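Below are the chains, spelled out letter by letter.
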Amino acid sequence: MNSADKLKKLINKSEIQISSQTDKRILGDAFERMDELRQDRQAGTGVNIWRIIMKTKITKMAAAAVIIVAVLIAIHQLAGNGASAVYASVVEQLHNARTMTYSLITQMNIENVPTVRVDMAFKEPGYMRITTTDGYLTAIDWAQNKGISILPTRKQFIEFEATNYQHDPAQDPFAVIENLRTLPSRADAELGEKEIDGRLLQGFRVIEEGVINTVWVDPRTGELARVVMEFPDAPGMSVIMTDFQFNVELDDSLFSLTPPEGFERVEIQADVSEVTEQDLIGYLRAWSSWTKDGTFPPTLAGMQLPKVAMEMEKQGKFGEGQTTQEQRERDQLIMYRGMMFVYQLPAESNWRYAGENVSYGDADTPIFWYRPAGSENYRVIYGDLTVEEVLPEDLPR
Amino acid sequence: MGPIIEDKLLVFRCKRGSKEALTQIYEKYKRDLLLLAVALLNDVSAAEDVVHDVFVSFVEALEKFRLTGSLKGYLLTCVANHARNKNKAIQRQLTSTSNPGEAIAENSDEPSVLTACNEQLQRLSEAMAQLPYEQREVIMLHLQATMTFNAIAKAQAISVNTAKSRYRYGLERLRTILNEEAEK
C-alpha cells in the first residue's frame, strides 16, 4: 500500500464527535443570518419580496416554458393542426412545485392570429396540469414520469413518458414565479400605482436578457398580480402572466392520468431520448428546407421566433404545398428537440447563434457554437451543417 | 435521485429560505468539513470556528450562488480557504505573543482536541501539523475532497505543477513521519 493509500485509509477511519452545542451554535448563527438578510432585502425593495433566489437565468427559464408553448402555438396557428404530444412535453421541466395556479396569455398582434390563454396548475409532489380555453388538457405526474394529453374535439388522448428529460431545480415552476416576485428589487423604472381589474397595483419595469418585464404587485401584500413580457425583437408580441394563486385547494382528480370514457388512444412515435447536438442540426436542416431561399432561422430565441415565423409566413418566405398531419407532427418534434438542445445548454457553454441570412450549404460561415460541459474547446456548426472542434481563441468574432 | 440533483434541490430550497434544507446540508457534510478543518489546523475549536464561518458565509452567498459541481467539493474548498486565513491569524498571534511556548501549551491543553477526535484523526492531524500548511491543504483536498490538481491549483491560485509538487513533497514527508511513529 503506498503512502497516499495509507493516508486515505487514515482519513476514512478518522472520526470526530460534534457536540450538540456546536451544531446549535453553527446552525443558530446561520439561521439568524438568513433572517437578517431576508429582512434587509424586504426593507431594500419596499415591497414584500419574501424570498430571493438566483437573479440570473430564471427569467430565461421563465421564458423557456412560455417560449416553447408560444412556438408550438405559433406552429399550430401556421399549420392549422391540433396540439400533440409535443405540446404536452413542453412542460416537462416544471416539477416539484407547491400548489400554484396562474394563466398565460400570449398575444401576437398579428391580424387573424387570436390571443391564446393557457391555464397552468401545479401541485406537490410534482403534479402539473395545463388547459387551454378550447379544452385541450395535459396532465403530468412527475413521480411516475407519465403524462396524458386529452384532445376533446377529436375525442382522443395521448399517453407519454417523460423519463429522459433533465430535472433542473432552477426550472421548478415555483422558482420561475419566485424570480418574477424579485424583479421589483432590480427595477429599472417605477411605474407608480394603477388600477387593474379592480385592484390598485404598484408597477415596476425591468429589462433583463432582452425581455421588457412589467411587473404589477399588490402593495398591501407584496403578492405578484400580473407580469407582462414584451420582446423588442418581436414588436407587438406580449406574454401576460396573471391570476396567480398559491396554496389553493386542488383536487388530485384534476391531475388524473386516466383518460375519459369513450376516448380513443392515439399512438405517437415520439422520440423522448436525451437531446443532442444532432437534434439542433436536424432542426436547422429542417428549417432551411421549409424556407424558399434555404436560409436558417433568423433567431433561436424562442420567444421571438413565433412572431418572426409568422411575419415570414405573411411575406411568403416559406415554401408552399400541402403537408400531411403526420409530417407536421414530425416537423414539430424536430423543432422542439432542436430548441430543447439549445435551452438545455448551461450559461457556461457560451452558445451563440449567427445563422440569420445564411443559407444551407455555406461551408465557410459558422452559424452556431458552444462549449460542451467539461471541454475547453468549442463545437462550431457551419452553414453546411458540418461540425468542427475549435480552440476558444479561434472562435468567430 | 442522484446526489448532485439532491444537493441542487437542497440549495434551491435554501435559496427559498428553507432552514430545514440548510440543516440537511449541514448534517450531510459537517463531519467531512470538520475533519478537513481539524486536519488542516490541528485544533478542534479553531476547526469548529472555520465550519461555523463557512456556513454563515454560505448563507450570505446564497443569493448569487449557483451550484455547478459537487456541493461537498464546494464546501470543502470554502473550509480550506477559511482554514488558511485562520492559520495565518493563529501564526500572527503566535509570533506576536511574548511567550509563544505558552500559547502553544494553552492550545494543546484544549480538552476537546483529546476527547472529540478518535485515534486516527489525532494521528492524522498531528502528522499533518508537521507539514507546511500549503502541503497539508493540497494533500487533504486531493485525498479527502477528491479534487483534481487542476481544480486545487485554480482554487489556490497556483500553477498545477506547484500543486503537484506540494502534494508529492508533503506525501514523502508524511511517509517518514508515519513510519517513524510506527517504529516507536
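Residue numbers restart at each chain and count upward from 1, following the sequence in its written direction. Just so you know, chain letters begin at A and ligand numbers begin at 1, following the order they were written in. Two thresholds apply to this predicted model, a pLDDT of at least 70 for residue-level local features and 80 or more for giving and counting side-chain atom pairs, whereas whole-chain, interface and lining totals are computed over all residues. Side-chain metrics in this entry use all non-hydrogen atoms of the structure; hydrogen atoms and water are not considered.

**Student:** Give a description of the overall build of chain B that names residues and reports values.
**Tutor:** Per the secondary structure count, chain B includes 10 helices and 0 strands. Along chain B, helices (α) and strands (β) appear in the sequence α-α-α-α-α-α-α-α-α-α when read from the amino end. Among the 184 residues that make up chain B, the fraction classed as buried is 47%. When the accessible surface of chain B is summed, it comes to about 8,800 Å², and 50% of that surface belongs to carbon and sulfur atoms. In this text, helices come from DSSP runs of H or I with a minimum length of four residues, and strands from runs of E with a minimum of two, each type numbered from the N-terminal end. The classification of residues rests on relative accessible area computed with a 1.4 Å probe and restricted to protein chains. Under 20% of the type maximum is buried, over 50% is exposed, and intermediate values are partly exposed. Accessibility throughout is a Shrake-Rupley quantity obtained with a 1.4 Å probe, and a residue counts as covered only by protein chains that appear here.

**Student:** Please set out the interface of chain A and chain B residue by residue, giving values where relevant.
**Tutor:** Any two residues having at least one pair of non-hydrogen atoms within 4.5 Å are treated as being in contact. Opposite the 44 residues of chain A that make contact, chain B presents 51 residues. The quantity reported as buried area is the accessible area (1.4 Å probe) lost by two parts once they are put together, taken as the sum for both. Buried surface at the junction of chain A and chain B, summed over both partners, amounts to about 4,400 Å²; 66% is from carbon and sulfur atoms. Contact with chain B buries surface across chain A, with Ile11, Ile16 and Met34 of chain A losing the most and accounting together for 15% of the total. In the sections that follow, a salt bridge refers to a side-chain nitrogen of Lys or Arg positioned within 4 Å of a carboxyl oxygen of Asp or Glu. Linking chain A to chain B there are 5 salt bridges. Across the salt bridge formed by Glu15 of chain A and Arg31 of chain B, the nearest N and O atoms sit 3.3 Å from each other. Any N or O atom pair separated by 3.5 Å or less is treated as a polar contact, with the protein-specific requirement of one donor-capable and one acceptor-capable atom, and with residues adjacent in sequence counted only for side-chain atom pairs. At the junction of chain A and chain B, the tally comes to 11 residue pairs in polar contact (both at pLDDT 80 or more).

**Student:** For the packing of helix 2 (residues 19-41) of chain B against helix 7 (residues 119-128) of chain B, give the residues involved together with the corresponding values.
**Tutor:** All names here are of chain B. Orientation is described by axes fitted as lines to C-alpha atoms, over the contacting stretch for helices, and by angles from 0 to 180 degrees between their N-to-C directions. Viewed as axis vectors pointing N to C, helix 2 and helix 7 meet at an angle of 40°, and their least axial separation amounts to 7 Å. If you check the angle between helix 2 and helix 7, you find them oblique. Side by side, helix 2 and helix 7 meet where Leu35, Val38 and Ala39 of the first sit next to Leu121, Leu124, Ser125 and Met128 of the second. Along the lines of polarity and charge, the residues of the contact of helix 2 with helix 7 split into 6 nonpolar, 1 polar and no charged. The scheme is simple: roughly parallel for angles under 35 degrees, roughly antiparallel for over 145, roughly perpendicular for 65 to 115, oblique for anything else. Residue classes follow a fixed rule: Ala, Val, Leu, Ile, Met, Phe, Trp, Tyr, Cys and Pro count as nonpolar, while Asp, Glu, Lys and Arg count as charged, and any other residue, Gly among them, counts as polar.

**Student:** Please set out the pattern of salt bridges residue by residue, giving values where relevant.
**Tutor:** Inspection of every chain in the model, using the stated rule, returns 16 salt bridges over all chains. With a shortest N-O distance of 2.8 Å, Asp252 of chain A and Lys123 of chain A are connected by a salt bridge. Taken together, the positions of Asp252 of chain A in the loop between strand 11 (238-246) and strand 12 (264-265) and Lys123 of chain A in strand 2 (residues 116-123) put the pair 129 residues apart, joining distant regions of the chain. On the basis of relative accessible area, Lys123 of chain A is assigned to the buried category, the value being 17%. Notably, a salt bridge pairs Arg84 of chain B with Glu137 of chain B, separated by 2.5 Å at the nearest N-O pair. Here Arg84 of chain B, found in helix 4 (residues 71-96), pairs with Glu137 of chain B, found in helix 8 (residues 133-143); they are 53 residues apart in sequence, far enough to count as distant. We classify Arg84 of chain B as partly exposed; its relative accessible area is 21%.

**Student:** Account for helix 7 of chain B, naming residues and giving values.
**Tutor:** Residues of helix 7 of chain B that are buried include every one of Leu121, Leu124, Ser125, Ala127 and Met128 of chain B, and no others. All buried residues of helix 7 of chain B fall inside an arc of 160° around its axis, so they share one side. Read the arc as the range of directions from the helix axis to the C-beta atoms.

**Student:** Please give an account of the sheet that holds strand 16 (residues 387-390) of chain A that cites residues and values.
**Tutor:** All names here are of chain A. A pair of strands is considered paired only if DSSP assigns at least 2 bridges between the two. Spatially, 4 strands are ordered 13-14-15-16 in an open sheet, and the strand pairing comes out antiparallel. Both outer strands of the open sheet, strand 13 (352-353) and strand 16, are each paired with one neighbouring strand and no more. Where strand 14 (residues 362-370) lies against strand 15 (residues 378-383), 5 bridges are found, and the strand directions are antiparallel. Counterpart to Tyr370 in the pairing with strand 15 is Arg379.

**Student:** Tell me about unusual backbone geometry, and please be specific about residues and values.
**Tutor:** Both trends apply: most residues other than glycine have a negative phi, and most peptide bonds are in trans. All names here are of chain A. Even without glycine at this site, Asp243 takes up a positive phi of about 55°. Secondary-structure assignment places Asp243 in strand 11. The backbone of Asn357 sits at a positive phi, close to 65°, despite the residue not being glycine. Counting through the fold element by element, Asn357 comes out in the loop between strand 13 and strand 14.

**Student:** Break down the nonpolar core for me, with residues and values.
**Tutor:** Soluble, globular proteins show a tendency: their nonpolar side chains are buried together. Core analysis: the biggest nonpolar cluster contains 74 residues, and Leu7 of chain A together with Ile25 and Leu124 of chain B have the highest contact counts within it. Considering every element that reaches this core, the biggest residue donor is helix 2 of chain B, with 14 residues. Setting aside residues up to four positions removed in sequence, Leu124 of chain B forms contacts with Leu7, Leu10, Ile11 and Ser14 of chain A together with Leu35, Ala39 and Met140 of chain B. Judged by nonpolar contacts, the second largest core, of 28 residues, contains Met340, Phe341, Leu345 and Tyr370 of chain A. Throughout, nonpolar core names a set of buried Ala, Val, Leu, Ile, Met, Phe, Trp, Tyr and Cys residues whose side chains join them through atoms within 4.5 Å.

**Student:** Tell me about the packing of aromatic side chains, residues and numbers included.
**Tutor:** Pairing of aromatic side chains requires ring centres within 6.5 Å, counting the rings of Phe and Tyr and the six-membered ring of Trp. Pairs whose planes differ by under 30 degrees are stacked, by over 60 edge-to-face, and all others tilted. Tallied over the full model, the rule gives 13 aromatic pairs over all chains. Between the aromatic rings of Tyr26 of chain B and Phe55 of chain B, the centroid separation amounts to 5.2 Å while the plane-to-plane angle is 80°, which identifies the pairing as edge-to-face. In this pair, Tyr26 of chain B sits in helix 2 while Phe55 of chain B sits in helix 3 (residues 44-61), placing the two residues 29 residues apart along the sequence. Seen in terms of ring centroids, Phe149 of chain B and Tyr167 of chain B are 5.1 Å apart; in terms of plane orientation they differ by 65°. Their pairing is edge-to-face. Within this pair, whereas Phe149 of chain B is found in helix 9 (residues 149-156), its partner Tyr167 of chain B is found in helix 10 (residues 160-183), the two being separated by 18 residues in sequence. Comparing Phe149 of chain B with Tyr167 of chain B shows no difference in burial state: the two are buried. Put simply, the rings of Phe341, Trp351, Phe368 and Tyr370 of chain A touch in pairs and so form one group of aromatic residues. Over the ring of Tyr169 of chain B we find Arg168 of chain B; its NZ or CZ atom is 5.6 Å from the centre of that ring. Counted as over-ring charges are cases with an Arg CZ or a Lys NZ within 6 Å of the ring centre that also lie within 35 degrees of the ring normal.

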